[in-house]
Amino acid sequence: MRERVIIKWGGGLITEKSSLCTPDLEILEKLAQTVSICQSHDIEVILVHGAGSFGHLRSKHWRLHEGILPAEEFESDEKCSSQLEAVNQVRKEMLQLNAHVCKALVQKKLIPLTHPPHLWAKNTGPDFSGCLDRFLEQSHAQIHVTFGDVVDVDGDQQFGILSGDDLVARLAIELPRVKRLVFAIKGVDGLLRVPPEQANASDLIELWSPDIEFEGSHQSEMDVTGGIGLKAARGSFVASHGIEVIMVNGGESERVLGAMLGNPVRGTIVTSKK
């Protein structure tokens, strides 16, 4: 049986995060090529991608991560006049981003099988509900694809945001034959000892565990899922199950490929040991 790799393409990596609904087609092409090469090495790949400018900006404005807020007054945007309209719009826009992702994969002669979470998952956080059996079977050219999304939530909250980082953690732990989890992130080589704008090559944390402090670039004005801190936390949880976890600079596609193949590359190996 083929070994399986889970890859997370960060939303900030594959989109222009400050411009609403703008994909980075060049980086998508390069990342799709890494998947194609992995498949040629007889490795099954499951891809999870973030939202970037297709989800975070509108979700932040409408506070979708908090659920329904009937007492709040929101300023309408160019597409929405209520939170419920924003839920539907973000879901549409995530499907648009996913279409760009899938087009890049198809151009590399891959067959993407997309699983929008709002159609099969409910609730948020690491204990979300939803059957993962849909990710079990894939032929040699197929690749399962899912993404962070606005999902239904039980109770008064009604809806919330299921992060791609929670998706990758569950997929890595619960699916059989998963050898490693790779986070492809934007602009940095991994976890850093100092803020990214102050960092040099020696500030990379090459082996991280939860007792080591790090500095990240969390864009709180637009991010609604927890940023690099959530990736580190979920990665450590996955590592506690004996699965290799590494964060790499997604702009360096050869590193992404090397990490997916299990080769030594510059990045941060995430562990669970304190």
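Located above this text is the structure these notes cover.
Scoring rules and cut-offs
- Residues numbered from 1 in each chain as written.
- Predicted model: local features only at pLDDT ≥ 70, side-chain atom pairs only at ≥ 80, totals over all residues.
- Heavy atoms only, no water.
- Disulfide = S-S within 2.5 Å.
- Buried < 20%, exposed > 50% of the residue type's maximum accessible area, 1.4 Å probe, protein only.
- Helix = DSSP H or I, 4+ residues; strand = E, 2+ residues; numbered from the N terminus.
- Pairing = 2+ DSSP bridges.
- Contact = heavy atoms within 4.5 Å.
- Polar contact = N/O pair within 3.5 Å; in protein donor to acceptor, adjacent residues only side chain to side chain.
- Salt bridge = Lys/Arg side-chain N within 4 Å of Asp/Glu carboxyl O.
- Axes fitted to C-alpha atoms, helices over the stretch in contact; angles between N-to-C directions.
- Parallel < 35°, antiparallel > 145°, perpendicular 65-115°, else oblique.
- Left-handed = near helix turned anticlockwise from the far one by under 90°.
- Nonpolar A, V, L, I, M, F, W, Y, C, P; charged D, E, K, R; others polar.

Caption draft 1: Focus on the state of the cysteines. The final tally for this structure, using the stated rule, is 0 disulfides. With no disulfide of its own, C38 has C102 as its nearest cysteine by sulfur position, at a separation of 17 Å. Taking the relative accessible area as the measure of exposure, C38 reaches 0% and is therefore buried. C21 provides the cysteine sulfur closest to C102, a residue in no disulfide bond, and the two sulfurs are 16 Å apart.

Caption draft 2: Spotlight on the pairing of strand 4 (residues 142–147). Counting buried positions along strand 4 gives 5 out of 6 residues, so the element sits mostly inside the fold. Where strand 2 (residues 44–49) meets strand 4, 4 bridges bridge the pair, whose relative direction is parallel. Opposite I46, over in strand 4, you have H144 as the bridge partner.

Caption draft 3: Spotlight on the environment of G55. Tracing the backbone shows G55 in the loop between strand 2 and helix 3 (56–62). Here the alpha-carbon distance between G55 and L28, two residues 27 residues apart in the chain, equals 17 Å. When neighbours within four sequence positions are excluded, G55 is seen to be in contact with V90 and M94.

Caption draft 4: Spatial organisation of helix 8 (residues 253–261). Among the 9 residues that make up helix 8, 7 are buried, leaving the element largely enclosed by the rest of the structure. Inspection of helix 8 places S253, R255, V256, L257, G258, A259 and M260 among the buried residues, and these make up the whole buried set. Looking at the buried side of helix 8, the elements it contacts are strand 1 (4–9), helix 2 (25–40), strand 2, strand 7 (178–185) and strand 9 (244–249).

Caption draft 5: View of the side chain of H118. Mapped onto the elements, H118 comes out in helix 5 (residues 117–120). Of the polar contacts made by the side chain of H118, one reaches the side chain of D149; its length is 2.7 Å. Not counting residues up to four positions away in its chain, the partners in contact with H118 are R91, L95, D149, V150 and V151.

Caption draft 6: Representation of the pattern of salt bridges. With the rule as written, the count across this model stands at 22 salt bridges. A salt bridge links E44 to R2, with the nearest nitrogen and oxygen atoms 3.5 Å apart. You can see E44 sitting in strand 2 and its partner R2 sitting in the segment before strand 1, a full 42 residues away along the chain. Owing to a relative accessible area of 13%, R2 belongs among the buried residues under this scheme. Residue K8 is joined to D165 by a salt bridge in which the shortest nitrogen-to-oxygen separation is 2.8 Å. A residue pair is termed long-range when its members are at least 10 positions apart, and K8 in strand 1 and D165 in helix 6 (residues 164–174) qualify at 157 residues. Its relative accessible area of 4% is what places K8 among the buried residues. The class of D165 is buried, set by a relative accessible area of 1%. Put simply, R2, R4, D42, E44 and R177 are held in one network by salt bridges that share partners.

Caption draft 7: Just the packing of helix 2 against helix 8, in detail. Helix 8 packs onto helix 2 with a crossing angle of 30° between their chain directions and a minimal axis gap of 9 Å. Between helix 2 and helix 8, the interaxial angle falls into the category roughly parallel. Considering only the axes of helix 2 and helix 8, their crossing is right-handed. For the pair helix 2 and helix 8, the contacting residues are K30, L31, T34, V35, I37 and C38 in the first and S253, V256, L257, M260 and L261 in the second. Partitioned by chemical class, the residues of the contact of helix 2 with helix 8 number 8 nonpolar, 2 polar and 1 charged.

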